[in-house]
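What follows is the residue order along each chain.
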Amino acid sequence: MLSSLATVLFDGFAYGMLLFLLSVGLSVTLGMMNFVNLAHCSFAMVGGYCTVTLINSFGWPFLASLPMAFLSAALVSVVLERTLYRRLYRSTDLDQCLLTIGIVFVSVAAFAWLYTSEQQSARPPEWLRGRIDLFGVNFAAYRLFLIVFGLAVTGLLILLLERTRFGAKVRAAVDNQRMARGLGIDVDRAFMLTFALGGGLAGLGGALAIEVVGLDPTFALAFLVYVLIVVAVGGLGSIGGSFAAAVVLGISDMAGKYYFPWLGAFVIYLVMVALLMWRPAGLFGKR
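Owing to the predicted nature of the structure, the values given are computational and were not obtained by experimental measurement.

Chemist: Please set out the overall build of the chain residue by residue, giving values where relevant.
Modeler: A tally of helices and strands in the chain yields twelve helices and two strands. If you list the helices and strands of the chain from N to C, you get α-α-α-α-β-β-α-α-α-α-α-α-α-α. Whereas a compact globule of 287 residues would reach a radius of gyration of roughly 19 Å, the chain reaches 19 Å, a difference of no more than 12%. Along the three orthogonal principal directions, the C-alpha set of the chain runs to about 60 × 50 × 35 Å.

Given below as structure tokens:
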């Protein structure tokens, strides 16, 4: 009993870290910039397919492909922000939703044409494919890697957005653009870098998700719901909220599938409804 509970908690926490990496970029852009980017998981696909290409076609090591997944998704997000998104910063939520969901469908079709509709794989190194025995319980090495990686990213994000001049400039630009410009802050550049950060994190999550959930052209639609759930439950613009929501939802989803298989993936929606009834603005939401 204790062994199965430890396994559920461990696997659920690892899955939560994956959800966090996929969703925290959207929490930043949506919460801090008030831009509804439903194409966020398309950036995750960019990072995932970049990793697949580098490993399978060019023989890159798995760990070396992760920074490239971040950079490729960040580059695509910057291009879209400079050409399309910036035109809609002051538009309605409906306009933003229509544009970004259109980008989702374009990305699905583009990746299906380039890579076919088959599941893609990018095997990690041998030392990440084994299992580790801790206190008599076997844990998957890759999931342990996800946990450590997710915790490291969380700490770095908090430092970047809460303890640096860049984070202060972004918050100032969001709160009052006119005042920020008057103080000499380059608001356009701050928004561009914020989008690059959010898109890059999504690409990183997409690369790490291949081993756990696979990758195909429908990824951007299949995980959009999960990402929106994490952002809604955690609270807009809150990194800590996204982290807590991802962990709670990951463990809940894993526990539901293990102990209540007849409910399937429905447990995560029950938990979402319960949490939002308790905290309508999210766990750490301010509005």
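Chemist: Outline the layout of surface pockets, listing residues and values.
Modeler: Its volume calculated, the second largest pocket comes out at about 150 Å³. As for the second largest pocket, its lining consists of Y15, R143, V212, V213, F223, Y226, D253, M254 and K257. Listed by contribution, the elements that provide at least two residues to the lining of the second largest pocket are α8 (187-213) and α11 (239-259). Looking at the lining of the second largest pocket, the element that brings in the most residues is α11, giving three residues. Split into classes, the residues belonging to the lining of the second largest pocket amount to six nonpolar, no polar and three charged.

Chemist: An account of helix α3 (residues 62-83) is requested, with residue identities and associated values reported.
Modeler: With 22 residues, α3 ought to run about 32 Å at 1.5 Å a step, and its terminal C-alpha atoms sit 32 Å apart, in line with that. Where the residues of α3 are buried, they touch α2 (40-58), α4 (93-115), α5 (141-162) and α8.

Chemist: Can you lay out a nonpolar patch on the surface for me, pointing to particular residues and giving the numbers?
Modeler: Nonpolar side chains collect at one region of the surface, where L5, L9, Y258, Y259, F260 and W262 lie side by side and expose about 660 Å² of accessible area between them. By the element assignment, Y258 lies in helix α11. Here Y258 falls in the partly exposed class, since its relative accessible area comes to 47%.

Basis of the calculations
- Residues numbered from 1 in each chain as written.
- Predicted model: local features only at pLDDT ≥ 70, side-chain atom pairs only at ≥ 80, totals over all residues.
- Heavy atoms only, no water.
- Helix = DSSP H or I, 4+ residues; strand = E, 2+ residues; numbered from the N terminus.
- Rg over C-alpha atoms; globule rule 2.2 N^0.38 Å.
- 1 Å grid on protein atoms, 1.4 Å probe; cavity = no way out; pocket = protein on both sides within 12 Å on 5 of 7 lines; lining within 4 Å.
- Points joined across faces, edges and corners; volume = space filled by probe spheres on them.
- Nonpolar A, V, L, I, M, F, W, Y, C, P; charged D, E, K, R; others polar.
- Expected span 1.5 Å × (residues − 1).
- Contact = heavy atoms within 4.5 Å.
- Patch = residues over 30% accessible without salt bridge, like charges linked within 9 Å, V, L, I, M, F, W, Y side chains within 5 Å.
- Areas by Shrake-Rupley, 256 points an atom, 1.4 Å probe, with all protein chains shown as cover.
- Salt bridge = Lys/Arg side-chain N within 4 Å of Asp/Glu carboxyl O.
- Buried < 20%, exposed > 50% of the residue type's maximum accessible area, 1.4 Å probe, protein only.

Read these as geometric descriptors, not functional statements.
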